[in-house]
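Each chain, written out:
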Amino acid sequence: MLKGKTALVTGSTSGIGLGIAKALAQQGANIVLNGFGDATTPQTEVAALGVKVEYHGADMSKPAEIEDMMKFAASKFGRVDILVNNAGIQHVAQVEDFPVERWDAVIAINLTSAFHTTRLAIPAMREANWGRIVNIASAHGLVASAQKSAYVAAKHGIVGLTKSVALETARTGVTCNAICPGWVLTPLVQKQIDDRAARDGITVTQAQNELLGEKQPSLQFTTVDQLGGLATFLCSPAADQVRGVAWAMDGGWTAQ
Ligand code: NAD
C-alpha cells in the first residue's frame, strides 16, 4: 500500500516509534529512523522487511538538528511523504517543584519538535498533493493526571497543533491526525512502574496492576502492534477524510 513512499518517524529507536516504523515498512514504505541509543539493531530490523532505511540522530530539542534531519531525509529519498511525530519524554513532579529545565525539555521534545518537522515537511507534501502527518499524543492529550503538568500541556498542545494543521491542509491530499494511546508497556512506562514499586515497597507486577487499575478500564496495555495498525490505517486511502482527529486507543481511559 505504501510502496514508493517515505516515512520519517521521530523517536523510533525504541517503543511505539519503532513499532510504527516497522508497521509502515511492512506496507512497503522506506523509513527514516531517529532517536537516541543503539540505532543499528532497529535499522537491521526495519531493513529485514525489504525496504530502504536511513537513520539520523537529530536531538528533537534542537531546531537546527531537526532542520538537518529533514534535509537529510529529502536528500536520501526526495521527500518525506509520511511524518510521524513520536519522540517524547516524561517527567513527574508537583508543578511547584517542577525543574524549569525539565519543563522546557518536555515542551521542546513533545511539542515544539512537531511544529518544526511539520513546517519543514508540508511544502513538499503540498506540492505532491499527498501527505500524512500522524502525531503521537496521549490520553494525556485529552485528560490530565496530577504531577504531569509539562507532559499534559505538551500533549494537549499537540492535539491543538493537529487540528490547526488539518484545517490548513483540508483542501489538499495532506491529512494530519493524532493518536492518543493509553498505557503502552515501553521503556518510558516501565520506568514509571519501577519508580512506583520502589516508592511503595511493592513488586513490579503489583505496581503494573495498580497503574492499569487507576486509569485503563480494560486492565490491559495498548500494544505497539495495535498502534502500528492504527497509524497504517491513517495512511491508507480509507482515511482520506479523517482530518484533525485525536483518536484514543486507551482501553477506555478517556471514556470515563
Ligand atoms: P520510549 O522511551 O520507548 O521511546 C522514546 C523515543 O524517543 C526513543 O527512541 C528515544 O530515543 C526518543 N527520544 C527521546 N528524546 C529524544 C530527543 N531529544 N530527540 C530525539 N529522540 C528522542 O517511549 P514510548 O513509550 O515509545 O513513547 C513514544 C511516544 O508515545 C511519546 O511521545 C510518548 O509520550 C507517547 N506515549 C506513550 C505512552 C506509553 O504508555 N508508553 C502512552 C501515550 C503516549
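Presented here is a report on the structure given in the accompanying data block.

Turning our attention to the packing of aromatic side chains. Enumeration over the complete set of coordinates arrives at three aromatic pairs. With a centroid separation of 6.3 Å and an interplanar angle of 85 degrees, the aromatic rings of phenylalanine 98 and tryptophan 103 are classed as edge-to-face. Judged by centre distance (5.8 Å) and plane angle (75 degrees), the ring pair of phenylalanine 233 and tryptophan 247 falls under edge-to-face. With phenylalanine 233 in helix α8 (residues 224-234) and tryptophan 247 in strand β7 (residues 246-249), this pair connects stretches of sequence that are 14 residues apart. Owing to a relative accessible area of 29%, phenylalanine 233 belongs among the partly exposed residues under this scheme. Geometry around tryptophan 130 places lysine 5 over its ring, the cationic atom sitting 4.2 Å from the centre.

Ordered by their spatial adjacency, seven strands build an open sheet running β3-β2-β1-β4-β5-β6-β7, and the pairing between neighbours is parallel. The open sheet has two edge strands with one neighbour each: β3 (53-56) and β7. Each neighbouring strand pair of the sheet contributes to a mean axis angle of 20 degrees, computed without reference to strand direction. Summarising the sheet, strand β6 (residues 174-181) and β7 pair through four bridges and their orientation is parallel. Across the sheet, proline 181 pairs through a bridge with methionine 249, a residue of β7. Contacts between helix α2 (residues 40-47) and the sheet are confined to β2 (30-34) and β3, with β3 contributing the most and set at about 160 degrees to the helix. Seen against the sheet, helix α4 (residues 100-128) touches β4 (82-85), β5 (131-136) and β6 and runs at an angle of roughly 170 degrees to β4.

Before going further, it helps to spend a moment on the packing of helix α1 (residues 15-26) against α8. A pair of packed helices is characterised by two quantities: the angle between their axes and the separation of those axes. The contact between α1 and α8 brings their axes to 8 Å, and the two run at 50 degrees. For the element pair α1 / α8, the angle class is oblique. Of the two elements, α1 crosses α8, and the hand of that crossing is right-handed. On α8, the residues touching Gly15, Ile16, Gly19, Ile20, Ala23 and Leu24 of α1 are Val224, Leu227, Gly228, Ala231 and Thr232. Here the contact of α1 with α8 is built from residues that sort into seven nonpolar, four polar and no charged.

Estimated volume of the largest pocket: approximately 710 Å³. Forming the boundary of the largest pocket are 37 residues, of which Asn86, Ala87, Gly88, Ile89 and Leu188 lie nearest the centre. When residues of the lining of the largest pocket are traced back to their parent elements, those giving at least two are α1, α4, α5 (149-168) and α6 (187-200). By residue number, the principal contributor to the lining of the largest pocket is α6, which donates four residues.

All right, on to the pairing of β6 then. Of all the eight residues making up β6, eight are buried; the element is thus mostly covered by neighbouring parts of the structure. Residues of β6 alternate between two faces, with Val174, Cys176, Ala178 and Cys180 on one and Thr175, Asn177, Ile179 and Pro181 on the opposite face, all of them buried.

Bringing the site of the ligand into the picture now. Every one of the 30 residues lining the ligand counts as a neighbour, but Ser14, Asn86, Tyr151, Val184 and Thr186 are closest to it. In the model, an oxygen atom of the ligand is placed 2.8 Å from a nitrogen or oxygen of the phenylalanine 36 main chain. Tyrosine 151 places a polar side-chain atom, nitrogen or oxygen, 2.5 Å from an oxygen atom of the ligand. Within the complex, 93% of the 820 Å² of free accessible area of the ligand lies under protein. Comparing atom positions with the cavity grids shows the ligand to sit within the largest pocket. The set of elements that each furnish at least two residues to the shell around the ligand consists of α1, α5 and α6. Here the shell around the ligand gets three residues from one element, more than from any other, and that element is α6. For the shell around the ligand, the per-class residue count stands at 16 nonpolar, twelve polar and two charged.

Scoring rules and cut-offs
- Residues numbered from 1 in each chain as written.
- Predicted model: local features only at pLDDT ≥ 70, side-chain atom pairs only at ≥ 80, totals over all residues.
- Heavy atoms only, no water.
- Phe/Tyr/Trp six-rings, centres within 6.5 Å; stacked < 30°, edge-to-face > 60°.
- Helix = DSSP H or I, 4+ residues; strand = E, 2+ residues; numbered from the N terminus.
- Buried < 20%, exposed > 50% of the residue type's maximum accessible area, 1.4 Å probe, protein only.
- Lys NZ or Arg CZ within 6 Å of the ring centre and 35° of its normal.
- Pairing = 2+ DSSP bridges.
- Axes fitted to C-alpha atoms, helices over the stretch in contact; angles between N-to-C directions.
- Contact = heavy atoms within 4.5 Å.
- Parallel < 35°, antiparallel > 145°, perpendicular 65-115°, else oblique.
- Left-handed = near helix turned anticlockwise from the far one by under 90°.
- Nonpolar A, V, L, I, M, F, W, Y, C, P; charged D, E, K, R; others polar.
- 1 Å grid on protein atoms, 1.4 Å probe; cavity = no way out; pocket = protein on both sides within 12 Å on 5 of 7 lines; lining within 4 Å.
- Points joined across faces, edges and corners; volume = space filled by probe spheres on them.
- Near = heavy atom within 4 Å.
- Polar contact = N/O pair within 3.5 Å; in protein donor to acceptor, adjacent residues only side chain to side chain.
- Areas by Shrake-Rupley, 256 points an atom, 1.4 Å probe, with all protein chains shown as cover.
- Sits in = over half its atoms within 2 Å of the grid points.

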